[in-house]
Amino acid sequence: MTNSSAVLNQKSFYEEGNTKAKSGLAAWIFSTDHKRIGLMYLSAIAIFFSVAAIIGIFMRLELISTGKDLMDAQTYNTLFTLHGVIMIFLFIIPGIPAVFGNFFLPLQLGARDVSFPRLNLFSFWIYITGAILVLLSLVLPGGPIDTGWTFYIPYSVRSGTNISLAIFAAFVLGFSSILTGINFITTVHRLRAPGMSWFKMPLFVWATYATAWIQIIATPVIAITIVLVIIERLFGVGIFDPSLGGDPILYQHLFWIYSHPAVYIMILPAMGVVSEIIPTFARRTIFGYKAIAISSLAIAFVGYLVWAHHMFTSGMSDTARWIFSLLTFLVALPSGVKVFNWVATMYKGSIDPKPPFLWVMNFIFLFSIGGLTGLVLGSLVTDVHLHDTYFVVAHFHYVMFGGTGTIFFAALYYWFPKIFGKMYNIKTANIGVALFFVAFNLLYFPKFILGYMGMPRRYYDFLPEFESLQFVSTVGSWLMLITLILIIWNLMHGILRGRKSESNPWGGVTLEWHTSSPPPLENFKVIPEVKHEPYDFSQLEDMKND
Amino acid sequence: MTDSNHIIESAADNHIHRDDIGAKMGMWLFLFTEILLFGGLFLVYAVYRFQYPDQFHIAGMDLSTAIGTINTIILLTSSLTVALSITALQKQNKSLSIIMLSLTISLAILFMINKYFEWSGKFSAGIYPGSEDLLSRHNGEILFFGLYFVMTGLHALHVLVGIVLLSIILGMVVNKKITYDYTVKLENSGLYWHLVDLIWIFLFPLFYLIQ
């Protein structure tokens with residue numbers, strides 16, 4: 001714990017790097033400092049998110065009325081594929097772990113860096129390489145891919161577009177994800193500050209740890225599946241080709257063995273952030289600490305066994321469908337445990353409704369809708385009707401954008417003063433949260449009804465009876481665009497012109513708040529010794545006196 | 001795992017920290033992902049073997065058990081030599097370590113030479129993905145050879161990576177970048193090499209011994 005006079009003399013990690021170059025681009029792209037790497041991920045991810053969001057706006061524009069409005073069907077196929085590929089592989093999978101995991105895992109553990117700093121930088125460069133390959137697949141002859149982000153066989157073998165390159169990019173990105181996972185697991189095992197036993201770790205660390213396990217357990221399976229598809233395209237080995245004895249359904253199994261756990265890679269870290277924000281703004285220790293910590297591991301474990309619920313209509317035995325449906329219901333339990341514990345934490349707390357907390361409220365509402373509609377899709381009877389309709393699209397966006405996306409903003413707004421040492425405009429931030437709530441529901445809720453009425457996903461045209469709801473949804477997309485611009489502008493303005501923030505504006509007690517903001521190069525002057533439970537707010541007075 | 005004695009922080013101000021247990025843990029996790037990578041292929045193999053047991057049996061007749069056995073012996077021996085190389089260095093016998101490591105690399109190259117002759121034999125017999133001869137056979141046989149080329153091919157790729165890796169490590173031992181009191185890089189490379197060996201131990205019976 002640093003004393004205040006030392007804080008004044010201490011240089012932040014912006015002013016002092018560990019590269020040969022003292023400033024400029026080289027001081028960043030060759031830096032092994034986990035904080036700089038986290039920020040580099042943040043800038044890359046912000047760009048990809050904006051691109052994919054704009055693609056989404058164009059898709060909504062095409063769907064404003066029946067018939068062809070803006071683009072032909074093939075262009076629309078390309079756009080929804082790109083929207084999915086960029087959002088999933090470049091934004092939401094790396095999202096919270098790569099940005100906030102990198103920045104805050106060592107800080108919350110009381111470590112100077114991750115276990116393998118150079119590997120960490122390497123992971124970032126692999127990520128960038130993968131992103132460049134994705135971009136190359138857009139411009140090279142052959143044209144951008146049009147299979148949807150799931151690359152289903154047989155179309156992904158037959159399509160003449162740049163599938164091989166695009167999925168090789170996904171392979172490369174997966175490699176980055178694996179290496180980050182290995183790094184985080186080792187860091188959690190080896191670099192906890194003295195006194196920090198497993199059950200004294202902050203819950204964000206627990207969530208990131210569970211995520212890292214999924215990353216290394218699930219990602220190799222998609223890697224080999226992708227390799228098989230590329231081999232299939234190049235050599236026609238026949239593993240997924242029925243005319244040569246292969247089985248296209250096997251592709252779906254292998255794909256979802258990764259891609260279902262991948263949705264927990266996306267949501268678990270977000271749940272970790274929620275578990276950080278709620279105690280801080282309720283001024284109360286988290287309710288059910290162990291239950292939340294262990295439910296992260298439970299989600300990681302059970303989530304590995306539910307993949308075939310994406311394939312209820314693909315042709316499986318009834319026994320298999322029944323079992324996978326049951327397991328899907330089981331995975332809702334640990335998620336429910338978390339939500340109830342969060343709400344219980346707020347009970348009788350002294351709640352301070354600052355923007356990060358409001359984002360979390362948004363999350364709980366939207367994620368609950370997303371989670372409960374997930375059960376509708378997990379039940380066999382209803383899924384057969386709703387499969388491949390807008391209902392699935394709505395569910396997915398409520399969980400991923402309403403869940404992880406919302407929390408990405410919550411995390412930005414929560415840790416902003418820690419990362420930048422400055423403060424954004426609180427009032428504008430509050431307006432942003434409120435607008436986001438309206439825009440989000442306007443944009444996605446009609447899709448539930450449309451899906452229920454039978455509107456299939458991935459169509460660039462629709463029947464006249466869907467027109468009014470499609471129109472509402474498109475209007476929602478405009479409001480969402482405005483909201484996103486406002487939210488991001490507020491942050492940018494905060495970075496450039498924001499007033500200086502105090503070191504611990506929210507009164508957080510986890511270890512990242514025990515050092516100066518922004519933190520110095522090696523995080524702590526002296527590695528802190530952990531004597532308290534992670535959310536013990538009685539230490540707040542001591543921290544002020546320190 | 002919190003034994004902090006193994007974390008040696010240097011007295012220098014830039015806190016270069018060394019954590020051998022952490023490094024090994026990272027390596028084991030990486031090997032775990034490698035096993036899952038091949039696990040996907042073993043799963044595919046299991047599905048098709050179950051679906052076409054007879055045709056897998058017939059197709060397996062075309063593979064040479066002799067070459068497979070020789071390569072198995074070569075890889076097992078190379079696993080021994082890499083282990084000896086580690087022990088030799090830990091006992092401060094640097095020259096023996098270098099000899100054993102060179103032997104490992106030579107055996108790996110020998111494995112690849114064998115593989116080259118085996119595959120080119122198959123190609124000249126008209127067995128390669130998409131060949132007319134292969135396409136005229138039953139589906140099960142097509143899949144068997146498809147998997148044969150994919151799985152042993154991916155394994156061979158790992159052998160190639162191993163050759164490069166072990167050569168770099170050899171250079172580091174020669175240049176005293178790796179010394180008896182800091183062998184973790186050598187040990188990790190050895191672990192990788194054992195994994196390459198281990199995967200072969202499963203590939204060998206699945207392809208060469210099911211006749």
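What this report covers is the structure whose coordinates are included nearby. What you see is a predicted model; the values in this text were computed from it and never measured. (Residues numbered from 1 in each chain as written. Chains lettered and ligands numbered in written order. Predicted model: local features only at pLDDT ≥ 70, side-chain atom pairs only at ≥ 80, totals over all residues. Heavy atoms only, no water.)

Regarding the overall build of chain A
Then, in step 1: On a plain count of helices and strands, chain A comes out with 18 helices and two strands.
Then, in step 2: Here the C-alpha atoms of chain A give a radius of gyration of 23 Å, agreeing with the 24 Å that 2.2 N^0.38 yields for 546 residues.
Then, in step 3: Along the three orthogonal principal directions, the C-alpha set of chain A runs to about 70 × 45 × 45 Å.
Then, in step 4: By residue count, 62% of the 546 residues in chain A fall in the buried class.
Then, in step 5: Sequence-distant contacts, at least 24 apart, represent 82% of the contacts inside chain A between residues at least 6 apart.
Then, in step 6: Taken as a whole, chain A presents about 19,900 Å² of accessible surface, with 69% of it coming from carbon and sulfur. (Helix = DSSP H or I, 4+ residues; strand = E, 2+ residues; numbered from the N terminus. Rg over C-alpha atoms; globule rule 2.2 N^0.38 Å. Buried < 20%, exposed > 50% of the residue type's maximum accessible area, 1.4 Å probe, protein only. Contact = heavy atoms within 4.5 Å. Areas by Shrake-Rupley, 256 points an atom, 1.4 Å probe, with all protein chains shown as cover.)

Structural notes on the overall build of chain B
Then, in step 1: Each helix and strand in chain B was counted, giving seven helices and two strands.
Then, in step 2: Counted from the first residue to the last, chain B has its helices and strands arranged as β-β-α-α-α-α-α-α-α.
Then, in step 3: Here the C-alpha coordinates of chain B stretch approximately 70 × 35 × 25 Å along the principal axes.
Then, in step 4: Residues counted as buried form 49% of the 211 residues belonging to chain B.
Then, in step 5: In chain B, the share of contacts with a sequence separation of at least 24, taken over all contacts with a separation of at least 6, comes to 79%.

Some remarks on the interface of chain B and chain A
Then, in step 1: Listed by partner, the interface residues are 38 residues for chain B and 35 residues for chain A.
Then, in step 2: Buried surface at the junction of chain B and chain A, summed over both partners, amounts to about 2,900 Å²; 73% is from carbon and sulfur atoms.
Then, in step 3: Note that Asp19(B) is salt-bridged to Arg190(A), the shortest N-O span being 2.9 Å.
Then, in step 4: At the junction of chain B and chain A, the tally comes to four residue pairs in polar contact (both at pLDDT 80 or more).
Then, in step 5: Looking at which element gives the most residues to the side of chain B that touches chain A, the answer is helix H1 (residues 20–51) of chain B, with 17 residues.
Then, in step 6: Partitioned by chemical class, the residues of the side of chain B that touches chain A number 23 nonpolar, 12 polar and three charged. (Buried area = accessible area lost by both parts, 1.4 Å probe. Salt bridge = Lys/Arg side-chain N within 4 Å of Asp/Glu carboxyl O. Polar contact = N/O pair within 3.5 Å; in protein donor to acceptor, adjacent residues only side chain to side chain. Nonpolar A, V, L, I, M, F, W, Y, C, P; charged D, E, K, R; others polar.)

A short note on the packing of helix H16 (residues 426–453) of chain A against helix H17 (residues 467–497) of chain A
Residue and element names in this part refer to chain A.
Then, in step 1: The interhelical angle for the contact between H16 and H17, taken along N-to-C directions, is 155°, at an axis separation of 8 Å. When the axes of H16 and H17 are compared, the pair comes out roughly antiparallel. Classified by chirality, the crossing of H17 by H16 is left-handed.
Then, in step 2: Split by residue class, the contact of H16 with H17 holds 20 nonpolar, eight polar and one charged. (Axes fitted to C-alpha atoms, helices over the stretch in contact; angles between N-to-C directions. Parallel < 35°, antiparallel > 145°, perpendicular 65-115°, else oblique. Left-handed = near helix turned anticlockwise from the far one by under 90°.)

What about the side chain of Ser275(A)?
Residues and elements named next belong to chain A.
Then, in step 1: The residue Ser275 is located in helix H10 (residues 248–282) in this model.
Then, in step 2: Using a relative accessible area of 1% as the deciding quantity, one classes Ser275 as buried.
Then, in step 3: A polar atom in the side chain of Ser275 sits 2.9 Å from the backbone oxygen of Met271.
Then, in step 4: Setting aside residues no more than four positions away along its own chain, Ser275 makes contact with Leu203, Ile286, Ile292, Trp342 and Tyr535.

Some thoughts on a nonpolar patch on the surface
Residues and elements named next belong to chain A.
Then, in step 1: A cluster of nonpolar side chains, Ile54, Phe58, Leu70, Leu481, Ile485 and Trp489, forms an exposed patch at the surface whose accessible area comes to about 580 Å².
Then, in step 2: Within the residue set of the nonpolar patch, elements represented by two or more residues are helix H3 (34–62) and H17.
Then, in step 3: If one sorts the elements of the nonpolar patch by residue count, H17 sits on top with three residues.
Then, in step 4: Within the element layout of this structure, Trp489 appears in helix H17. (Patch = residues over 30% accessible without salt bridge, like charges linked within 9 Å, V, L, I, M, F, W, Y side chains within 5 Å.)

Some thoughts on unusual backbone geometry
Across residues other than glycine, the phi torsion is negative in most instances, and most of the peptide bonds are trans.
Residues and elements named next belong to chain A.
Then, in step 1: Of note, the amide linkage connecting Ile153 to Pro154 takes the cis form, showing an omega dihedral of 5°.
Then, in step 2: Assignment of secondary structure puts Pro154 in the loop between helix H6 (117–139) and helix H7 (155–158).
Then, in step 3: In this chain, Ser517 is followed by Pro518 through a cis amide linkage whose omega measures -10°.
Then, in step 4: Along the chain, the position of Pro518 falls in the loop between strand S2 (499–500) and helix H18 (540–545).
Then, in step 5: Although it is not a glycine, Arg458 adopts a positive phi angle of roughly 65°.
Then, in step 6: Looking at Arg458, the relative accessible area reads 28%, which means it is partly exposed.

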